[in-house]
Amino acid sequence: MKELVISKNDSGQRLDRFLKKYLAGAPLSAIYKLIRKDLKVGGHRCREDHILSEGEVLCFYVPDQELDAWTEKKPHKRAKRQFRIVYEDDNILIVNKPFGLLVHGDKSEKKDTLANQVVDYLIETGAYEPRAEKSFVPSPVHRLDRNTTGTVVFGKNAEALRELAALFREDGAVSKFYYTIVHGRLTEAVRLKGKLLKDEERNVCRVLPESDERGKYIETVVSPVYAGEGSRGSGRNAAGFSIADVELVTGRSHQIRAHLASIGHPIAGDVKYGGKRTLVKDTGMVLGNTTQALHAYKIRFNRAEGTLEYLSGQSFTAPLPEDWEALQKGLFGKAVI
C-alpha cells in the first residue's frame, strides 16, 4: 500500500482527472478499475467525480512496482527560450510570445512550445519543482495562433490558474487588445457582431449573420489607428493599408482574422483569409517567417477577486516585435506605433 497526501495545488479537482495526470502511464481502464476496487480517499471508497481537498490521504492498494511504472516521468530536452517576460509575481507570469511559436503542441510539434519553454524557465528559477508536484503543471490560461505575437498569461500555481480561468470565462472581466495591419483604408471605428463557424478539416472559419443558428457568437471592436496616405520607394499605394487597434469582446479561435476579412479588411499577409503577400512585394521584407501582422499588445484586468484581487484595474503591455518598425516604414514611410 502507498499513501499520498493531496497538496494545495492538487486540490479542487475531480479524483479521476487528478489520477489521469498523476498516473500518466496508466491506461484509462486501469485508472477506473483502481477507483472501483484499489483506492480509498480518507479511508473510504469514492466516486470518480469526488472533488479532492487539501490534506486528504489517498491509499493505493496495488503493487509498488506497478504504481512506480505508471508515475515514472520521462526526461525531456529543454527548449531554447524564445519568449520575453512582460510581468511576473508569485501567482502569474505574462509573456510576450514570438512569431512562429505554438502555445501548445499539436501533431506537428510537441516539444518546442511556449508552454514547455515557460515550464523550463520556472524550473530554472525555482518557481516550479516538478518532483514536488503530483499533478499540477504551470499552464497558459488562453492561447494565440502560431503566427500571432504578444501577451499570453500563465498561472504559476493551481489556485491562480483556476482563478485566471474563471476570469477569462467571465464577460467583461478581462480585455484583450491587438494591433494589426489590414488591407484597405480603414477610417471609422466599427463594432462587429456575428457567428463564427469553423471548418475543422480545413482549419478555417467563416462569419455568419448574428441571427444564424449555426456557429458561436463573436463580437469584435475595430478602431482605426492610421490609414496610409502614400508609399515610399515601393511604387505601390500605401493607402491600400491601415493600422487598426482591435479589442476582443469574445475570444474565439481565428476570430479577428475572420471578422476583419468579412468586412473587406483582411490582415496583410494572411493568405488563409484573403490577405495577399503584399508585405513582401511592398517592403522587400517578411515579417518573421511569414507575413501575418497581428500582435496582442495589451491585456487589462477589469476586475478580479480572491488571490488575484490585486490585478483589478491593471494593464500589461507587450512591445511590438522588432521588425514592425521596418515594416511600417516600408509601407507608410514612417513608424506610426
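Let me sum up the structure you'll find in this document. (Residues numbered from 1 in each chain as written. Predicted model: local features only at pLDDT ≥ 70, side-chain atom pairs only at ≥ 80, totals over all residues. Heavy atoms only, no water.)

## Quick look at the packing of helix α1 (residues 15-22) against helix α2 (residues 28-37)
Okay, so step 1: Across the interface, α1 lies against α2 with an axial gap of 10 Å and an inter-helix angle of 130°. Between α1 and α2, the angle falls in the class oblique. Relative to α2, α1 is oriented so that their crossing is right-handed. Between α1 and α2, the contacting residues are L15, D16, L19 and K20 on the first element and L28, I31, Y32 and I35 on the second.
Okay, so step 2: Taken together, the residues of the contact of α1 with α2 break down into 6 nonpolar, no polar and 2 charged. (Axes fitted to C-alpha atoms, helices over the stretch in contact; angles between N-to-C directions. Helix = DSSP H or I, 4+ residues; strand = E, 2+ residues; numbered from the N terminus. Parallel < 35°, antiparallel > 145°, perpendicular 65-115°, else oblique. Left-handed = near helix turned anticlockwise from the far one by under 90°. Contact = heavy atoms within 4.5 Å. Nonpolar A, V, L, I, M, F, W, Y, C, P; charged D, E, K, R; others polar.)

## Focus on the pairing of strand β11 (residues 216-227)
Okay, so step 1: In this structure, strand β9 (residues 190-199) lies alongside β11, joined through 7 bridges in antiparallel fashion. The partner of V190 across the bridge, within β11, is V222.
Okay, so step 2: Sheet topology note: the β11/strand β12 (residues 241-248) ladder contains 7 bridges and is antiparallel. Across the sheet, residue V221 finds its bridge partner in β12, namely E247. (Pairing = 2+ DSSP bridges.)

## Section: the packing of aromatic side chains
Okay, so step 1: This structure, assessed with the given rule, holds 8 aromatic pairs.
Okay, so step 2: Note on Y179 and Y297: the rings are 3.9 Å apart at their centroids and 10° apart in plane angle, and the pair reads as stacked. With Y179 in strand β8 (residues 174-183) and Y297 in strand β13 (residues 294-301), the pair connects residues that are 118 residues apart, well separated along the chain. Grouping residues by exposure puts Y179 and Y297 together as buried.
Okay, so step 3: Seen from their ring centres, Y226 and F332 are 5.2 Å apart, and the 80° between their planes marks the pair as edge-to-face. With Y226 in strand β11 and F332 in helix α8 (residues 323-332), this residue pair connects regions lying 106 residues apart in the sequence. Each of the two residues, Y226 as well as F332, counts as buried.
Okay, so step 4: Positioned above the aromatic ring of F83, the side-chain terminus of R81 is 4.9 Å from the ring centre.
Okay, so step 5: A cation sits over an aromatic face here: K298 above F177, 4.7 Å from the ring centre. (Phe/Tyr/Trp six-rings, centres within 6.5 Å; stacked < 30°, edge-to-face > 60°. Buried < 20%, exposed > 50% of the residue type's maximum accessible area, 1.4 Å probe, protein only. Lys NZ or Arg CZ within 6 Å of the ring centre and 35° of its normal.)

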